[in-house]
Amino acid sequence: MTFNRHHLLGMEGLTQEEIETILTSAESLKEISFRDIKKVPTLRGKTVVNFFHEPSTRTRTSFEIAAKRLSADTVSLSANTSSLVKGETLVDTARNLEAMNPDVIVIRHSMAGAPHLLSRIVKPSIINAGDGMHEHPTQALLDLLTIREKKGRIAGLQVAIVGDIAHSRVARSNILGLKTMGAHVMVAGPPTMIPPFIESMGVSVTYHLQEAVVWADVIMMLRVQLERQKQMLFPSLREYSRFFGLNMKIMNKAKRDVIIMHPGPINRGVEIDPEVADGPFSVILDQVTNGVAIRMALLYLLLGGKKGEMAY
Ligand code: CP
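As a starting point, this report considers the structure included with it.

Section: the packing of helix α5 (residues 137-151) against helix α11 (residues 284-304)
In a pair of packed helices, the angle between the axes and the distance between the axes together describe the arrangement.
Right, so step 1: Packing of α5 against α11 brings their axes to within 8 Å, and their N-to-C directions diverge by 115°. As α5 packs across α11, the resulting crossing turns out to be right-handed. Across the interface between the two elements, T138, Q139, L141, L142, D143, L145, T146, E149 and K150 of α5 pack against D286, Q287, N290, G291, A293, I294, R295 and L298 of α11.
Right, so step 2: Here the contact of α5 with α11 is composed, by residue class, of 6 nonpolar, 6 polar and 5 charged.

Have a look at this one:
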């Protein structure tokens with residue numbers, strides 16, 4: 001077991017051994033969430049601040065639940081209820097949080113690099129919960145855990161990531177993590193949503209959904225992020241859905257043991273039809289369950305498990 005980091009800023013730079021350590025720790029910690037008393041004393045006396053500058057349902061809630069299941073104290077701060085609205089800078093906010101001596105600051109911010117900036121100026125461990133269009137490492141880790149759980153391995157699998165690759169921090173983190181773990185990755189979407197030179201990340205590209213669906217052991221659908229687009233990258237949502245929406249008709253071309261993933265929130269009827277999102281191939285809610293386990297593992301490894309002992 002090797003994990004000797006103070007921060008978790010991205011999938012970039014994480015070794016295969018470090019990812020293995022996080023996944024194995026999460027697998028071990030997961031059963032705590034299914035006990036009658038869902039709490040262990042492992043992080044008693046530690047304080048976790050959740051600082052979310054952008055909306056979140058899954059990431060924020062699961063960090064809070066993860067910390068509480070390990071008996072850490074938690075505080076939540078959002079942009080519109082903090083003094084950021086009065087003009088306080090991110091750096092001043094972080095320094096003021098640090099002055100209250102928390103052990104971890106979990107940050108989601110619309111600015112790429114915000115967690116990296118904080119990691120250079122404050123002492124607590126920083127966890128990146130999504131920074132602009134850059135990275136969302138805990139999402140990639142929970143996706144890797146879900147793939148390993150459902151398929152028994154990651155290495156050698158064929159994973160198709162479909163949709164708005166250009167605006168997606170989930171796609172970037174997943175490509176980095178999947179490649180490190182030995183998977184083959186294909187990205188699919190309209191040309192306007194595929195960034196140039198994406199092949200340099202070791203992925204193949206298709207502009208045809210069917211090609212990706214036929215090829216894949218795992219299909220990871222992405223949300224169309226209208227809020228991040230400066231201009232419409234396709235004529236209409238209806239047009240997008242027609243060519244890149246995952247529906248039952250195209251699912252008939254998929255492998256019979258394929259799994260369908262989506263980080264959420266879902267635009268039902270746009271990138272994925274309800275029958276697919278709620279159907280037998282979908283592992284979307286398993287991803288959410290695994291989000292708690294992954295975040296427990298990260299808090300544990302960053303705060304309590306640096307020597308690799310599993311004392312909980
Ligand atoms: N997957 C994800 O990041 O969801 P939230 O925005 O709800 O946290």
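Some remarks on the pattern of salt bridges
Right, so step 1: Counted by the stated rule, this structure contains 13 salt bridges.
Right, so step 2: E20 serves as the salt-bridge partner of R148, at 2.7 Å between the closest nitrogen and oxygen. Pair noted here: R148 is in helix α5 and E20 is in helix α1 (residues 16-29), with a separation of 128 residues, a long-range link.
Right, so step 3: Taking the shortest distance from any N to any O, the salt bridge between K255 and D217 comes out at 3.0 Å. With K255 in the loop between α9 (248-251) and β9 (259-261) and D217 in the loop between α7 (209-215) and β8 (218-221), this residue pair connects regions lying 38 residues apart in the sequence.
Right, so step 4: By relative accessible area, D217 is classed as buried at 11%.
Right, so step 5: Three or more residues joined by partner-sharing salt bridges are found here, namely E20, E27 and R148.

Quick word on the nonpolar core
Right, so step 1: Membership of the largest hydrophobic core comes to 63 residues, with the highest contact counts inside it found for L144, I147, I161, L178, I294 and L299.
Right, so step 2: At 11 residues, α11 tops the list of elements feeding residues into this core.
Right, so step 3: For this core, the two domains that each supply at least three residues are domain 1 (16-134 + 290-304) and domain 2 (137-287).
Right, so step 4: The contacts of L299, once residues within four sequence positions are left out, are L43, V48, F63, A66, A67, L70, V104, I127 and G304.
Right, so step 5: In terms of nonpolar packing, the next biggest core, distinct from the first, is built from 28 residues, A212, I219, L246 and V258 among them.

Reading the values: rules and limits
Residues numbered from 1 in each chain as written. Predicted model: local features only at pLDDT ≥ 70, side-chain atom pairs only at ≥ 80, totals over all residues. Heavy atoms only, no water. Axes fitted to C-alpha atoms, helices over the stretch in contact; angles between N-to-C directions. Helix = DSSP H or I, 4+ residues; strand = E, 2+ residues; numbered from the N terminus. Left-handed = near helix turned anticlockwise from the far one by under 90°. Contact = heavy atoms within 4.5 Å. Nonpolar A, V, L, I, M, F, W, Y, C, P; charged D, E, K, R; others polar. Salt bridge = Lys/Arg side-chain N within 4 Å of Asp/Glu carboxyl O. Buried < 20%, exposed > 50% of the residue type's maximum accessible area, 1.4 Å probe, protein only. Core = buried A, V, L, I, M, F, W, Y, C linked by side-chain atoms within 4.5 Å. Domains from an automatic or database assignment.

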